[in-house]
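Here is how the chains run, residue by residue.
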Amino acid sequence: MDMNKKIYDVMILGAGPAGLSAALYAARGGLSVLVIEKGVSGGQIAATDAVENYPGQMLEGETGESLSERMALQAEHFGAVRVQDVITEAVLDGEIKEFRGQKETYSGRFAVLAMGASPRPIGCKGEMQFKGSGISYCATCDGNFFTGLDVYVAGGGDAAVEEAVYLTRFARKVTIVHRRDQLRAVQSIQDLAFKNPKIDFLWDSVVEEAFGEGVLQGLIIRNVKTGEQTRISADPSEGMIGLFGFVGNIPNSSLVNGTVEMDERGYIRTDEDMRTSLKGVYAAGDIRVKTVRQVVTAAADGAIAAVSISADWQMDG
Ligand code: NAP
């Protein structure tokens, strides 16, 4: 190891709301903090137009991007250092933790894993093209944009069915497109959907293709049993439909696979103070085993992780 190399008190991987809140709290608590992010800061909310449900967020014109940029500035204001790098290896079992990146190797006494999760893609043609202009993976974030329109939901699990019910607050009609003829969602959630007159189902079906000019205007749905394809187009007077993907999430935890304890889906297990199974390593935000994945809960996790680190630091003497 390079003896002149800086050893941070806390290294945080991921600059979404969890990582940035951990950085804010740790830096403000007097620890030296490094935040490493591979892309732009903000995580999943950076790609969200409007954040209406973060407490206190009522600023005119606020976007997910501007909110997260302020979070980053606030962490920096207290002395957190931010770098952009892609970490390819994590060495976390020693007293000093290391994140090895494409640009540099970073060292620290404590590590916070805040790499978040990504929605699993629906897998249809045109998906990337209409992401943000008709295709979304967050009903809480984007449902409002589809007020009075027809909305399609891909998936049949708890998230798909629950969010379909939520979307009926805005949409004229919500159609759940599920690849089997039975939902995976728990019965109580199914019951809500079945009794909702605004919800329709397309069974044994998948979204094959999304199309439109500029915005999402139509879908090609394929029946997986018969192979039959159906073309759905927006009402010309409205010119747009919505498609929400809830076919599961993928935690961004592959870097630490086999290093810290995870559930069978790859979410990292922590105690309520955000400690993972490995000493000196904490996890916060969407990457964690938890039930509510929102900006407010990610921020809370980050704060708790930082406070736990301070406490554990003092315990270690
Ligand atoms: P999930 O339970 O993994 O369900 C994913 C759904 O998408 C399944 O219906 C699956 O079909 C379908 N699917 C998967 N890959 C697909 C593909 N390539 N093409 C088309 N469809 C595909 O995911 P989730 O609903 O996001 O839930 C994730 C976890 O969070 C679950 O443990 C869930 O219980 C939990 N959750 C709980 C609540 C709640 O308790 N209120 C709310 C939301 C989420 P198959 O059914 O055929 O496999």
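Located above this text is the structure these notes cover.
J.: Please explain the site of the ligand as it appears in this structure.
T.: As a structural note, the neighbourhood of the ligand is formed by 16 residues, with Asp158, Glu162, Arg179, Arg180 and Arg184 the closest of them. Arginine 184 has a polar side-chain atom sitting 2.6 Å from an oxygen atom of the ligand. In isolation the ligand has 900 Å² of accessible area, and contact with the protein removes 68% of it. Broken down by element, the residue count for the shell around the ligand peaks at three residues, all from helix H5 (residues 158-167). Across the shell around the ligand, the residue classes break down as four nonpolar, five polar and seven charged.

J.: Mind showing me how you'd approach the nonpolar core here?
T.: Soluble, globular proteins show a tendency: their nonpolar side chains are buried together. Membership of the largest hydrophobic core comes to 30 residues, with the highest contact counts inside it found for Val10, Ile12, Ala23, Val33, Val112 and Ile309. In contact with valine 10, other than residues within four places in its own chain, are Ala26, Leu31, Ser32, Val33, Leu34, Phe110, Val112 and Ile309. If you look at the next biggest cluster of nonpolar residues, it comprises 22 residues, including Ala139, Ala160, Val174 and Phe201.

J.: Help me understand the pattern of salt bridges, please; the structure alone is not making it clear to me.
T.: Side-chain pairs of opposite charge can arise where the charged atoms are in close proximity. All told, the structure shown has 20 salt bridges when counted by the stated rule. The closest approach of N and O atoms between arginine 82 and glutamate 69, which form a salt bridge, is 3.8 Å. In this pair, arginine 82 is assigned in strand E3 (residues 81-84) and glutamate 69 in helix H2 (residues 64-77), connecting sequence segments 13 residues apart. Note that arginine 100 is salt-bridged to glutamate 89, the shortest N-O span being 3.4 Å. Remark: glutamate 89 occurs in strand E4 (residues 87-91) and arginine 100 occurs in strand E5 (residues 97-101); sequence separation between them is eleven residues.

J.: Sorry, what's going on with the packing of aromatic side chains here?
T.: Each aromatic ring pair is summarised here by two numbers: the centre-to-centre distance and the angle between the ring planes. Applying the stated criterion across every chain yields a total of seven aromatic pairs. Measuring from ring centre to ring centre gives 6.1 Å for phenylalanine 110 and tyrosine 282, while their planes differ by 45 degrees; the resulting arrangement is tilted. Of this pair, phenylalanine 110 sits in strand E6 (residues 105-113) while tyrosine 282 sits in strand E17 (residues 281-283), placing them 172 residues apart in sequence. One exposure class covers both phenylalanine 110 and tyrosine 282, and it is buried. Ring centres 5.4 Å apart and planes at 70 degrees place the aromatic pair tyrosine 166 and phenylalanine 170 in the edge-to-face group. Joined through ring pairs, the aromatic side chains of Phe110, Tyr282 and Trp313 make up one cluster. In this structure, arginine 231 packs its charged tip against the face of phenylalanine 211, placed 4.2 Å from the ring centre. Across from the ring centre of tyrosine 267, 4.1 Å away, lies the NZ or CZ of arginine 293, which sits over that ring.

J.: Sorry if this is basic, but what is going on with helix H6 (residues 187-194) here?
T.: Along an α-helix, residues three or four positions apart point the same way, because every turn accommodates 3.6 residues. Listed as buried for H6 are Ile189, Gln190 and Ala193. In a view along the axis of H6, the buried residues occupy a sector of 100 degrees, so they form one face of it. On its buried face, H6 sits against H5 and strand E11 (199-202).

J.: Teacher, can you tell me more about the pairing of E4 here?
T.: Direction of pairing for E4 relative to E5: antiparallel, over a ladder of four bridges. For valine 91, the partnering residue across the bridge sits in E5 and is glutamate 98. Adjacent in sequence and paired antiparallel, E4 and E5 are bridged by five residues.

J.: Explanation requested: the sheet that holds strand E15 (residues 242-245) in the structure shown.
T.: Through backbone hydrogen bonds, the strands of a sheet pair up, either in parallel or in antiparallel fashion. Strand order in this open sheet of five strands is E8-E15-E9-E10-E11, and the pairing throughout is parallel. Looking at which strands have only one partner, the edges of the open sheet turn out to be strand E8 (135-136) and E11. The pairing of E8 with E15 spans two bridges and is classified as parallel. The partner of serine 136 across the bridge, within E15, is phenylalanine 244. Lying over the sheet, H5 contacts strand E9 (150-154), strand E10 (173-177), E11 and E15, oriented at roughly 170 degrees with respect to E9.

Rules behind the numbers
Residues numbered from 1 in each chain as written. Predicted model: local features only at pLDDT ≥ 70, side-chain atom pairs only at ≥ 80, totals over all residues. Heavy atoms only, no water. Near = heavy atom within 4 Å. Polar contact = N/O pair within 3.5 Å; in protein donor to acceptor, adjacent residues only side chain to side chain. Areas by Shrake-Rupley, 256 points an atom, 1.4 Å probe, with all protein chains shown as cover. Helix = DSSP H or I, 4+ residues; strand = E, 2+ residues; numbered from the N terminus. Nonpolar A, V, L, I, M, F, W, Y, C, P; charged D, E, K, R; others polar. Core = buried A, V, L, I, M, F, W, Y, C linked by side-chain atoms within 4.5 Å. Buried < 20%, exposed > 50% of the residue type's maximum accessible area, 1.4 Å probe, protein only. Contact = heavy atoms within 4.5 Å. Salt bridge = Lys/Arg side-chain N within 4 Å of Asp/Glu carboxyl O. Phe/Tyr/Trp six-rings, centres within 6.5 Å; stacked < 30°, edge-to-face > 60°. Lys NZ or Arg CZ within 6 Å of the ring centre and 35° of its normal. Arc of directions from axis to C-beta. Pairing = 2+ DSSP bridges. Axes fitted to C-alpha atoms, helices over the stretch in contact; angles between N-to-C directions.

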